Amino acid sequence: MTSPIAGSFVVHLIVLSAASFSSVNGSLSPNFYDSSCPNLLSIVRDAMRQAVSWDRRLGASILRLFFHDCFVHGCDGSVLLDDTATFTGEKTARPNQNSLRGFEVIDTIKARVEAAFSGVVSCADILALAAREGVVLLGGPSWSVPLGRRDSRTASLSQANSDLPSPLSNLSTLVSSFSTKGLSATDMTALSGGHAIGFARCLTFRGPSTMTPTSTTASPTSSAPTAPPRGGDSNLAPLDPTPNFFDNAYITRTW
Ligand code: HEM
Ligand SMILES: *[C@@H]1O[C@H](CO)[C@@H](O)[C@H](O)[C@H]1NC(C)=O
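Residues numbered from 1 in each chain as written. Chains lettered and ligands numbered in written order. Predicted model: local features only at pLDDT ≥ 70, side-chain atom pairs only at ≥ 80, totals over all residues. Heavy atoms only, no water.

The protein has the name peroxidase in an unreviewed UniProt entry, where Trapa natans is given as its organism. Under the Catalytic activity (unreviewed entry) heading, UniProt states for the protein: "2 a phenolic donor + H2O2 = 2 a phenolic radical donor + 2 H2O". According to the UniProt record, the Sequence similarities (unreviewed entry) comment for the protein is "Belongs to the peroxidase family. Ascorbate peroxidase subfamily." (UniProt positions renumbered as here; feature names shortened; annotations may be inferred.)

This is the structure:
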């Protein structure tokens, strides 16, 4: 895709990945696994094609998983870690619990990559590649993914709670939360173009209801907004009129 908006989103996704990572390691390369795991790309691509043909929303969910990984400790796979005896992971953080999806897709890809070349490719790199493939499969632009990240051996519930942006925050709070990650207001605006795909639970844009949720968390087949005034906290509404296609409708907002 060559539109200015999609192009800007791509440049900024690379910025997101680089900004969050630069403090950990300076030398990533798209060719990092060329000799150690030559079919990495086709494994990731095939698995993402299967996942998205099963549920197109997974393309969006894995893009968000990548963003939530990068915003806590950098793009180091920390979001993927379960709780252990020594730390509580990020999966139960407020912005993540009952919300992040697609973990099992990354598990599947990791298992296939391990079967091909054991102990070579990091989960952080798999997530970064899978996010790109998901966007491409939903009709979005492609970009080159620098590789060679090392996986974190720890994760931080408290940092996930404090650092991930909240839908309740005002503009100045959002701008400063991106700025602590080395990202400008322009970066934030372009990265918000990630909402060109996917869905949000009603409670995230309307506030929680006191009534019992009545709906499922499965992907809806209709793309009409579905937030009742009360109840249905986990009803899903599309983030734009075309939630299964990475196009510019999120920016132009013609409902
Ligand atoms: C600017 C700050 C941001 C805020 C406040 C925010 C907030 C949200 C919220 C509240 C949801 C719905 C979650 C739910 O229903 O549980 C959501 C969904 C989503 N967000 Fe963001 N977001 C931000 C930035 C980003 C960025 C930078 C990206 C990626 C580049 C992104 C990608 C997505 C995607 C793809 C979904 C849909 C996920 C799905 O359908 O599974 N968001 N976001
Ligand atoms: C934004 O929210 C923060 C935190 O709640 C608050 O301290 C600040 O005054 C708000 N700023 C504006 C401009 O409303």
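### Focus: the site of ligand 2
Close contacts around ligand 2 come from Asn 170, Ser 172 and Thr 173, and that covers them all. Asn 170 places a polar side-chain atom, nitrogen or oxygen, 2.4 Å from an oxygen atom of ligand 2. In the model, an oxygen atom of ligand 2 is placed 3.4 Å from a nitrogen or oxygen of the Thr 173 side chain. Relative to its unbound accessible surface of 360 Å², ligand 2 loses 22% to contact with the protein. (Near = heavy atom within 4 Å. Polar contact = N/O pair within 3.5 Å; in protein donor to acceptor, adjacent residues only side chain to side chain. Areas by Shrake-Rupley, 256 points an atom, 1.4 Å probe, with all protein chains shown as cover.)

### Quick word on the state of the cysteines
Across all of its chains, the model carries 1 disulfide by this definition. Put simply, Cys 70 and Cys 75 are joined by a disulfide, and their sulfur atoms are 2.2 Å apart. Looking down the S-S bond of the Cys 70 and Cys 75 bridge, the torsion is 110°, so its handedness is right-handed. Owing to a relative accessible area of 1%, Cys 70 belongs among the buried residues under this scheme. (Disulfide = S-S within 2.5 Å. Buried < 20%, exposed > 50% of the residue type's maximum accessible area, 1.4 Å probe, protein only.)

### Brief notes about the layout of surface pockets
Taken as a whole, the largest pocket spans an internal volume of roughly 1,600 Å³. The wall of the largest pocket is formed by 49 residues, among which Arg 64, Pro 165, Pro 167, His 195 and Thr 204 lie closest to the centre. Where the lining of the largest pocket is concerned, the elements lending two or more residues are α1 (4–21), α3 (57–70), α7 (171–179), α8 (185–191), β1 (199–201), α9 (202–206) and β2 (236–238). It is α3 that contributes the most residues to the lining of the largest pocket, 7 residues altogether. Of the residues assigned to the lining of the largest pocket, the class counts are 28 nonpolar, 15 polar and 6 charged. (1 Å grid on protein atoms, 1.4 Å probe; cavity = no way out; pocket = protein on both sides within 12 Å on 5 of 7 lines; lining within 4 Å. Points joined across faces, edges and corners; volume = space filled by probe spheres on them. Helix = DSSP H or I, 4+ residues; strand = E, 2+ residues; numbered from the N terminus. Nonpolar A, V, L, I, M, F, W, Y, C, P; charged D, E, K, R; others polar.)

### A look at the packing of aromatic side chains
Each pair of aromatic rings is reported with the distance of its centres and the angle of its planes. A complete count under the given rule lists 4 aromatic pairs for this structure. Relative to Phe 178, the ring of Phe 67 lies with its centre 6.2 Å away and its plane at 20°, an arrangement referred to as stacked. Separated by 111 residues along the polypeptide, Phe 67 in helix α3 and Phe 178 in helix α7 bring together distant segments of the chain. In this structure Phe 178 comes out as buried when scored by relative accessible area, which is 6%. Over the ring of Phe 103 we find Lys 91, and its NZ or CZ is 4.5 Å from the ring centre. The residue whose ring lies beneath Lys 181 is Phe 71, and the NZ or CZ to ring-centre distance is 5.7 Å. (Phe/Tyr/Trp six-rings, centres within 6.5 Å; stacked < 30°, edge-to-face > 60°. Lys NZ or Arg CZ within 6 Å of the ring centre and 35° of its normal.)

### Details of the environment of Ser 209
Its location among the elements puts Ser 209 in the loop between α9 and β2. We classify Ser 209 as buried; its relative accessible area is 16%. Taking C-alpha positions, Ser 209 is 6.3 Å from Asp 233, a pair spaced 24 residues apart along the chain. Discounting chain neighbours no more than four positions away, the residues touching Ser 209 are Arg 230, Gly 231 and Asp 233. (Contact = heavy atoms within 4.5 Å.)

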